[in-house]
Every structure is written in C-alpha cells, then in structure tokens.
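So the chains spell out like this:
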Number of protein chains: 2
Amino acid sequence: MDKIGRYEFRADPFHCDCTGKLFMGHLGNHMLNAADFHANDRDFGIRYLQTINKAWVLSRLAIEMERMPEIYERFYVESWIESSMRFFTNRSFRVVGMDGQVYGYGKSIWAMIDTETRQPCNLLDIKDGELAKWELKEELNPIGKLTRVMMSNEAELAKSMETGYHDVDINGHINSVKYIEHAMDLWETDWHCEHRLKRVDVAYVAEGHRGDRLNLYREQTGEMEFCIRICRENGDELCRTKMVFEK
Amino acid sequence: MDKIGRYEFRADPFHCDCTGKLFMGHLGNHMLNAADFHANDRDFGIRYLQTINKAWVLSRLAIEMERMPEIYERFYVESWIESSMRFFTNRSFRVVGMDGQVYGYGKSIWAMIDTETRQPCNLLDIKDGELAKWELKEELNPIGKLTRVMMSNEAELAKSMETGYHDVDINGHINSVKYIEHAMDLWETDWHCEHRLKRVDVAYVAEGHRGDRLNLYREQTGEMEFCIRICRENGDELCRTKMVFEK
C-alpha cells in the first residue's frame with residue numbers, strides 16, 4: 001500500500017455556496033474523512049483504536065487554497081503522514097483536480113488519547129511503532145506551517161449562540177469543522193460572495209460538548225486577516241482560528 | 001438509458017449524528033442530488049434548463065425511512081419520474097443498501113418556472129413532451145402520499161433566527177433542506193438520541209432569500225407528530241413541515 005492515500009469526492013450542488021464553489025466547511029470534512037480512510041486502511045484508524053480504548057484527537061488544522069472545487073466537479077483529497085513523534089503526528093493533505101492541477105493543501109496535527117482516562121498516549125506504542133513506517137519524508141506540502149493563532153485580549157464578543165443537534169458528532173463532541181462554519185457565519189453572505197477564504201488555521205484547545213453555548217470573539221489582525229476565539233459560555237476556550245481572505 | 005437512475009452515496013462520519021446514523025438533512029440533500037443527476041443525464045436538468053431560462057422548483061418533499069444508513073455505509077439513492085402534468089411532475093426516490101435491502105422512500109413534486117418572469121411554465125413544452133417518455137407507470141413507492149401539512153393558528157413561536165452564509169445556495173435562495181435542519185434543531189440533541197425521525201413532509205410555499213430572518217412556529221398534532229411553520233420575519237410563510245418521530 002502506498003504511503004499517500006487518495007480519495008475521490010464531488011462538489012455536490014447542495015454543498016456549494018453563493019459563488020458556486022464548495023463550502024470550506026465541506027472541504028474540511030472531506031479532509032477529515034480522507035484522514036480517517038487513510039488511517040483505517042493502514043490499520044491505525046479509529047476502528048482499530050476503539051478496540052484498545054484509544055482515539056485520535058485533532059489538535060491543529062490549516063487549509064490554504066488557490067482555488068476551490070466548483071459545483072459538480074470531481075476532485076481528489078490526498079493524505080499522508082509527514083512525521084510522528086511521541087505525542088503528536090503531522091498529517092498533510094493535498095487537493096487535486098481530475099486533470100492533476102493542485103488546488104491547495106492542508107496540514108494537521110493529531111494526538112492520541114486514552115478514551116477512559118482522557119490522557120495523551122504515546123503514538124509510537126501502537127503496534128510497535130507501525131505509524132513511523134508510513135512517514136513520507138519527502139517535502140510535498142509547500143504551504144506555511146501551522147500557526148499558533150495569537151490573539152490579544154482586545155477581541156470583541158461578536159456573537160453568542162446555542163449549539164444544537166447538527167453540531168454534535170457520534171462521540172457527543174462538537175464537530176471540529178462546525179467551529180470553522182460558525183466563525184465564517186460572522187460575516188454576511190454578501191461578504192462571502194465578494195471575498196474568498198484563502199487560508200484558515202485552527203488551534204483546538206478543548207472539546208465542546210452537546211448543549212454548550214458558544215461565545216465568539218473576533219479581532220482584526222491585518223487588512224484581510226481576522227482571528228476568532230470560540231469559548232464555552234463559562235469562559236473555557238475551545239478553539240482559536242485565523243482566517244485570511246482575499247477579494 | 002433506464003427510467004430509474006441509481007446513484008451511490010456514503011454515510012461519511014462527519015455527516016452522522018449522535019446515534020452514528022446519517023443526518024436526515026444529508027439524506028435529503030442526497031435525494032435532491034439524485035434528482036439533479038437523473039434529470040441532467042436525461043437532458044431535462046438544470047444545465048439544459050438554464051439555456052432556455054427555466055428552472056426546477058421543489059414544491060413538496062416527503063421522506064419516510066425504516067432505517068437510516070449507518071456511519072461508513074455505502075448506499076444507493078434511486079430516482080425516477082412517476083408522472084408529469086402541465087405544471088407539476090412527481091418524482092420518487094428509493095434508498096437501498098448495498099445488499100438490496102430497501103431503507104426507505106421519498107416523494108416529491110416539482111414545478112418549472114421561467115427564471116425571468118418567475119411564472120410557472122408548462123412542463124410538457126420541454127423538447128416536445130420529452131419528460132412524459134421517462135414516466136415509470138409501475139407503482140414502486142408504497143409510502144403514503146404527500147400530505148398538505150395542515151396547521152391551526154395555535155402554533156407557538158418556538159424560535160426566531162438569522163439565516164447566514166451556510167443557508168444560501170448558488171441561486172441566492174435558502175437551501176430547501178436547511179428548513180428541515182432548522183426545524184429538527186428545535187429539539188435538543190438528547191431528544192434526537194432517543195427518537196428517530198421516521199417521516200418528514202415539507203410543503204414549500206415561497207422562496208427564502210439571503211438575509212431573511214426566520215420565525216419557526218411549532219404545534220404538536222399527535223403523540224409523536226409535530227408541525228412547524230417557517231415564516232419570514234414579516235409574516236410571509238416560506239414552508240410548513242410535519243415530522244413524525246418514533247422511540
């Protein structure tokens with residue numbers, strides 16, 4: 001089996017926005033799906049991990065796109081392991097059109113936890129270091145590295161919202177990509193029709209749970225750059241995201 | 001080409017709810033995708049209609065499921081034309097597992113409008129009655145017929161909400177399936193973990209637009225049956241839906 005997994009997706013009409021291009025949230029979900037398929041096919045996915053009471057936890061995600069798939073278009077999301085250390089693994093993504101044109105990339109960092117103690121586990125313990133065998137040393141991903149998303153305490157409360165049934169995944173947590181969607185919803189549809197989200201970085205800090213009420217704080221950090229902190233109502237930070245738009 | 005079109009979908013992990021089954025909204029989108037693929041393959045889809053300034057408009061939708069596809073499961077959505085009249089066509093759906101087991105059905109009614117005048121058009125004018133050639137007279141869909149969704153004026157305001165970027169489709173309208181999702185969000189996640197939406201009927205009355213604020217009015221009409229009216233803030237009714245749950 002190849003180190004790179006390649007999975008075909010389609011920009012379904014009902015997953016496309018007002019500009020006729022795939023919603024960033026759907027692309028993010030496709031990347032997480034690709035990660036899941038890649039890991040399951042190589043026997044270190046959630047299906048195997050469940051048998052030993054372990055689970056993958058997404059810690060960071062960045063997506064940078066030169067163009068987005070258009071309505072009805074078929075495209076591939078490729079995924080591979082860049083490196084794996086004791087407590088973290090770096091996983092890359094590449095989005096490729098049917099003609100081989102590269103549309104953009106993703107980077108992510110994952111930890112593994114024990115699902116009973118919620119404590120981090122040593123990734124190199126899985127099947128005697130199986131993960132390391134899949135590392136692709138070659139540098140194939142040219143986008144800037146994952147940023148830490150630095151924010152001041154000046155960010156203003158932009159929105160307070162309930163989460164609901166559609167935010168919650170099979171584990172009872174708020175779906176990682178829903179934070180990106182809620183942050184994007186801080187801008188009106190008109191803004192999104194005229195601006196393209198070129199790059200998004202997300203740092204996941206803690207897991208949101210069903211029933212959580214969210215506060216979103218926004219700060220402008222550059223001409224087309226904004227940072228958003230998403231907290232539980234009690235003030236616990238759940239994630240921070242940086243979004244860079246272009247006209 | 002067969003009268004029945006069959007399209008393969010997959011219950012991706014991030015499209016599954018707290019019970020590990022596909023969200024009803026995603027199944028609804030897959031049905032609308034199947035309708036679109038079926039029509040485009042037979043040359044009366046939106047791609048052709050755009051060239052003559054016409055468009056399909058969904059008027060009614062019902063989905064009744066015995067079971068929902070489970071996480072990772074591949075399944076088919078089949079679609080065919082049941083009948084076509086001057087101003088309306090009936091389109092059926094069947095959801096089938098890879099082993100041939102039928103999971104449930106959908107029924108829908110569509111009108112065609114002129115995109116400039118917004119007036120209804122005669123469906124039988126398309127390519128000299130082409131649509132009628134695709135009618136499948138055989139009765140393959142056993143679920144009860146589309147109901148009108150009758151509501152009294154006693155329904156209480158359950159929620160008032162903004163729509164945003166993720167509600168709006170390529171035409172600038174609120175995506176038909178988003179109404180089902182917003183109506184389902186009137187119940188807490190806990191309710192959905194214990195109750196299954198067995199059947200949903202939606203009557204679409206008018207198109208919602210980007211920027212609309214929605215009021216959702218709910219009325220209990222049976223032990224496990226609820227009707228929801230969704231209106232624009234100015235009182236214009238956009239749709240009514242009836243939802244029947246089971247434990």
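Let me begin by describing the structure that accompanies this report. Keep in mind it's a predicted model, so treat the numbers as computed, not measured.

1. Section: the side chain of N141 of chain A
All names here are of chain A. Among the structural elements, N141 can be located in the loop between α3 (130–133) and β6 (156–162). Note on N141: relative accessible area 3%, which makes it buried. Separated by 2.8 Å, the side chains of N141 and S92 make a polar contact. From its side chain, N141 meets the backbone oxygen of G106 in a polar contact 3.0 Å long. Ignoring sequence-local partners within four residues, the contact set of N141 consists of W80, E82, S92, F93, Y105, G106 and K107.

2. Observations regarding the sheet that holds strand β10 (residues 237–246) of chain A
All names here are of chain A. The strand order across the open sheet built from 10 strands is β1-β3-β4-β5-β2-β7-β10-β9-β8-β6, with neighbouring strands paired in antiparallel fashion. The open sheet terminates on both sides in strands that have one partner only, identified here as β1 (5–10) and β6. Averaged over all pairs of adjacent strands, the angle between strand axes in this sheet comes to 25°, irrespective of strand direction. Note: strand β2 (residues 54–65) against strand β5 (residues 102–114), 11 bridges, orientation antiparallel. Looking at the pairing, A55 lines up with I113 of β5.

3. Observations concerning the pairing of strand β7 (residues 196–204) of chain B
Residues and elements named next belong to chain B. Within β7, eight of the nine residues are buried, leaving the element largely enclosed by the surrounding structure. Pairing of strand β2 (residues 54–65) with β7, which is carried by five bridges, proceeds in the antiparallel orientation. Bridging across to β7, L61 finds its partner in V202. Here β7 runs beside strand β10 (residues 237–246); their pairing, made up of eight bridges, is antiparallel. Counted as the bridge partner of R196 is E246 from β10.

4. Examining the packing of helix α1 (residues 24–41) of chain A against helix α4 (residues 176–184) of chain A
All names here are of chain A. Remark: α1 packs on α4, axes separated minimally by 9 Å, with the N-to-C direction vectors making an angle of 165°. The angle between the axes of α1 and α4 places the two elements in the roughly antiparallel class. Of the two possible hands of crossing, α1 and α4 adopt the one that is right-handed. Taken together, the residues of α4 that come into contact with α1 (itself represented by M24, G25, H26, G28, N29 and L32) are S176, V177, E181 and M184. Broken down by class, the residue content of the contact of α1 with α4 amounts to four nonpolar, five polar and one charged.

5. Focus on the packing of aromatic side chains
How two aromatic rings sit relative to each other is set out by the distance from centre to centre and by the angle between their planes. Under the criterion given, the structure shown has 20 aromatic pairs over all chains. Between Y165 of chain A and F23 of chain B, the aromatic rings sit 5.1 Å apart at their centres with planes inclined by 80°, giving edge-to-face as the arrangement. Highlighted residues: Y165 of chain A in the loop between β6 and α4 and F23 of chain B in the loop between β1 (5–10) and α1 (24–41), drawn from two different chains. For the residue pair Y165 of chain A and F23 of chain B, the accessibility class agrees, reading buried in each case. Centroid distance W187 of chain B to F226 of chain B: 5.0 Å. Interplanar angle 75°. Geometry classified as edge-to-face. One end of the pair, W187 of chain B, is in the loop between α3 (176–184) and α4 (189–194); the other, F226 of chain B, is in strand β9 (residues 225–232), with 39 residues separating them in the sequence. Summarising the burial analysis for this pair, W187 of chain B and F226 of chain B share the class buried. Every member of this aromatic cluster is reached through a ring pair, and the members are W187, W191, F226 and F245 of chain A. The aromatic ring of W187 of chain A is capped on one face by R218 of chain A, whose charged end is 4.7 Å from the ring centroid.

6. Things to note about the side chain of S92 of chain A
Residue and element names in this part refer to chain A. Assignment of secondary structure puts S92 in strand β4 (residues 89–97). Judged by its relative accessible area of 0%, S92 falls in the buried class. Among the polar contacts listed, one links the side chain of S92 to the side chain of E82, at a separation of 2.9 Å. With near-sequence residues (within four places) excluded, S92 lies in contact with E78, S79, W80, E82, G106, K107 and N141.

7. Looking at the relation of the copies chain A and chain B
Superposing chain A onto chain B takes a rotation of 180° plus a shift of 0.0 Å along the axis, which leaves an RMSD of 0.0 Å. The operation mapping one copy onto its partner corresponds to a two-fold rotation axis. Comparing interface residues between copies, 100% of those in chain A also lie at the interface in chain B; the contact surface is shared.

8. A look at the environment of L131 of chain A
Residue and element names in this part refer to chain A. By secondary structure assignment, the location of L131 is in helix α3. The spatial distance from the C-alpha of L131 to the C-alpha of R74 is 30 Å, given a sequence separation of 57 residues. For L131, the residues in contact, after removing those within four places along its chain, are F44, W56, I81, S84, T89 and L123.

9. Details of a nonpolar patch on the surface
Residues and elements named next belong to chain A. A contiguous nonpolar surface patch, about 270 Å² in accessible area, is contributed by M85, F87 and F88. The residue F88 is located in the loop between β3 (74–84) and β4 in this model. Under the relative-accessibility criterion, F88 is labelled partly exposed at 39%.

10. Some details on the interface of chain A and chain B
The interface is formed by 38 residues belonging to chain A together with 38 residues belonging to chain B. Carbon and sulfur atoms supply 58% of the area that chain A and chain B bury against each other, a total of about 3,800 Å² over both sides. Looking only at chain A, the three residues that lose the most surface to chain B are F14, Y165 and H166 of chain A, adding up to 23% of its buried area. Our count for the chain A to chain B interface comes out at two salt bridges. With a closest N to O distance of 2.3 Å, D190 of chain A and R210 of chain B form a salt bridge. Inspection of the region where chain A meets chain B yields 16 residue pairs in polar contact (both at pLDDT 80 or more). Elements represented by at least two residues in the side of chain A that touches chain B include exactly β1, α1, α2 (46–51), α4 and α5 (189–194) of chain A. The element that contributes the greatest number of residues to the side of chain A that touches chain B is α1 of chain A, accounting for seven residues. Per-class residue counts for the side of chain A that touches chain B are 17 nonpolar, 11 polar and 10 charged.

What counts and what doesn't
- Residues numbered from 1 in each chain as written.
- Chains lettered and ligands numbered in written order.
- Predicted model: local features only at pLDDT ≥ 70, side-chain atom pairs only at ≥ 80, totals over all residues.
- Heavy atoms only, no water.
- Helix = DSSP H or I, 4+ residues; strand = E, 2+ residues; numbered from the N terminus.
- Buried < 20%, exposed > 50% of the residue type's maximum accessible area, 1.4 Å probe, protein only.
- Polar contact = N/O pair within 3.5 Å; in protein donor to acceptor, adjacent residues only side chain to side chain.
- Contact = heavy atoms within 4.5 Å.
- Pairing = 2+ DSSP bridges.
- Axes fitted to C-alpha atoms, helices over the stretch in contact; angles between N-to-C directions.
- Parallel < 35°, antiparallel > 145°, perpendicular 65-115°, else oblique.
- Left-handed = near helix turned anticlockwise from the far one by under 90°.
- Nonpolar A, V, L, I, M, F, W, Y, C, P; charged D, E, K, R; others polar.
- Phe/Tyr/Trp six-rings, centres within 6.5 Å; stacked < 30°, edge-to-face > 60°.
- Lys NZ or Arg CZ within 6 Å of the ring centre and 35° of its normal.
- Least-squares fit on C-alpha atoms with pLDDT ≥ 70 in both.
- Patch = residues over 30% accessible without salt bridge, like charges linked within 9 Å, V, L, I, M, F, W, Y side chains within 5 Å.
- Areas by Shrake-Rupley, 256 points an atom, 1.4 Å probe, with all protein chains shown as cover.
- Salt bridge = Lys/Arg side-chain N within 4 Å of Asp/Glu carboxyl O.
- Buried area = accessible area lost by both parts, 1.4 Å probe.

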